[in-house]
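# Structural characterization, general
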Amino acid sequence: MRIDLHTHSNASDGTDTPAALVHAARDAGLDVVALTDHDTTAGWTEAADALPAGLSLVRGMEMSCEGRGESGWPVAVHLLSYLFDPTHPEFAKERERLRGERVERIRVMASLMARDGLPIDPDQILADAGPSVGRPHIAAALLKAGVVSSIGEAFTDLLSTRGRYDVPKYDTPIEYAVELVAAAGGVTVLAHGRARSRGGVLAVDHIRDLAGLGLGGLEVDHPDHRSEDRAVLRRLADDLGLAVTGSSDYHGENKTIGLGDELTDEAEFEKLISVATGVEVLTR
Ligand code: AMP
Ligand code: ZN
Ligand code: FE
Ligand code: FE
């Protein structure tokens, strides 16, 4: 079984429509794909309606959270959430709040850039984005305007969290997020937990705390993890009885990675989803 549990459509910062994404997943030989757009479930229905025969769809999301880093300071953390009930009121409200934070942040970042003379239009960027806007939408505008020659180049300086245009947003405290997803019948996996290129990473003792609160798994095989990162996380998952996942974090044209470039073991997948009660895995 070929299982990829982390992908983005144009409901957030990927470039494929949800329908195109599930077809591309089948073409890539996947048996199971999870749609995990940032802070939105807006792509679920289209992906489900377009689901090709032979492919199973795990409806999910990647939630923007804040945790405690190795240095003790807060760090941005991404929490993959699967098979939760999208109508759970408190959770739906929190997702909406996060998307509002995204809009304000991107508006301010893009406005600061435009004020400095960069040829981008903040209103146009927001109008072009789907329900969940992010820095890749600014990157795409910079690329189109010829300011940078690739999406990656936009992130090395202009869009870096260490750069002059960085604007913070208020993400969900990760303990609360883990409990909220569980309350909605879903399961959670810490996304790319050792990917240092994005900034600080969660302290290991904080990961232990989250396991105590119901965290279901650790994303071990991710394109941004080196082999030593994977080894650390695999040992930790084993120690804490957490499921181990692997996934591409596919973003269409916004990243160079392909669907199925990293995969999850079938037994780990079954272990992970066994406790989910929110919505079913869909199969046509
Ligand atoms: P945001 O959600 O607005 O903070 O933007 C973060 C998103 O930008 C993540 O989903 C990443 O996939 C994407 N991203 C971060 N760094 C890069 C990079 N170097 N190249 C392409 N995409 C990136
Ligand atoms: Zn993304
Ligand atoms: Fe992420
Ligand atoms: Fe992602």
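Residues numbered from 1 in each chain as written. Chains lettered and ligands numbered in written order. Predicted model: local features only at pLDDT ≥ 70, side-chain atom pairs only at ≥ 80, totals over all residues. Heavy atoms only, no water.

### With respect to the coordination of the iron ion (ligand 4)
Each donor-metal-donor angle in an ideal tetrahedron of four donors is 109.5 degrees, and each such angle in an ideal octahedron of six donors is either 90 or 180 degrees. With distances of 2.1 to 2.3 Å, the protein atoms coordinating the iron ion (ligand 4) are H6 (NE2), H8 (NE2), E62 (OE) and D249 (OD). For the iron ion (ligand 4), the 4 donor atoms in the first shell make angles of 75 to 162° at the metal, so the coordination geometry reads as irregular. We note that the donor set of the iron ion (ligand 4) lies within a single chain, spaced as H-x1-H-x53-E-x186-D. Between the iron ion (ligand 4) and the zinc ion (ligand 2), the interatomic distance is 4.3 Å. Remark: D249 occurs in the loop between β8 (243–246) and α10 (266–273) and E62 occurs in strand β3 (residues 56–68); sequence separation between them is 187 residues. (Donors = N, O, S within 2.8 Å, 3.2 Å for Na, K, Ca; no water. Tetrahedral: all angles 85-135°; square planar, octahedral: opposite > 155°, others 65-115°. Helix = DSSP H or I, 4+ residues; strand = E, 2+ residues; numbered from the N terminus.)

### Re the coordination of the zinc ion (ligand 2)
Every protein donor of the zinc ion (ligand 2) is accounted for by D13 (OD), D13 (OD), H38 (NE2) and H251 (NE2), and the metal-donor separations fall at 2.0 to 2.6 Å. Separating the zinc ion (ligand 2) and the iron ion (ligand 3) is a distance of 5.6 Å. Of this pair, D13 sits in the loop between β1 (3–4) and α1 (18–27) while H38 sits in the loop between β2 (32–35) and α2 (44–49), and the two are 25 residues apart along the sequence.

### Topic: the packing of helix α8 (residues 204–213) against helix α9 (residues 227–240)
Where α8 contacts α9, the axes come no closer than 11 Å and their chain directions differ by 35°. Seen from above, α8 lies across α9 with right-handed handedness. For the pair α8 and α9, contact is made by V204, I207, R208 and A211 and by L236, D239 and L240, respectively. Among the residues forming the contact of α8 with α9, the class breakdown is 5 nonpolar, no polar and 2 charged. (Axes fitted to C-alpha atoms, helices over the stretch in contact; angles between N-to-C directions. Left-handed = near helix turned anticlockwise from the far one by under 90°. Contact = heavy atoms within 4.5 Å. Nonpolar A, V, L, I, M, F, W, Y, C, P; charged D, E, K, R; others polar.)

### Details of the domain arrangement of the chain
The assigned domain composition of the chain is domain 1 (3–96 + 169–283) and domain 2 (104–156). Computed over C-alpha atoms only, the centres of domain 1 and domain 2 are separated by 25 Å. The interface is formed by 10 residues belonging to domain 1 together with 7 residues belonging to domain 2. Taken together, the two surfaces of domain 1 and domain 2 that pack against each other cover about 660 Å², and 59% of this comes from carbon and sulfur. Summed over the three residues of domain 1 that lose the most area to domain 2, namely D13, K169 and N254, the buried surface amounts to 54% of that side. Where domain 1 touches domain 2, the interface holds 0 salt bridges. On the surface where domain 1 and domain 2 come into contact, there are 3 residue pairs in polar contact (both at pLDDT 80 or more). (Domains from an automatic or database assignment. Buried area = accessible area lost by both parts, 1.4 Å probe. Salt bridge = Lys/Arg side-chain N within 4 Å of Asp/Glu carboxyl O. Polar contact = N/O pair within 3.5 Å; in protein donor to acceptor, adjacent residues only side chain to side chain.)

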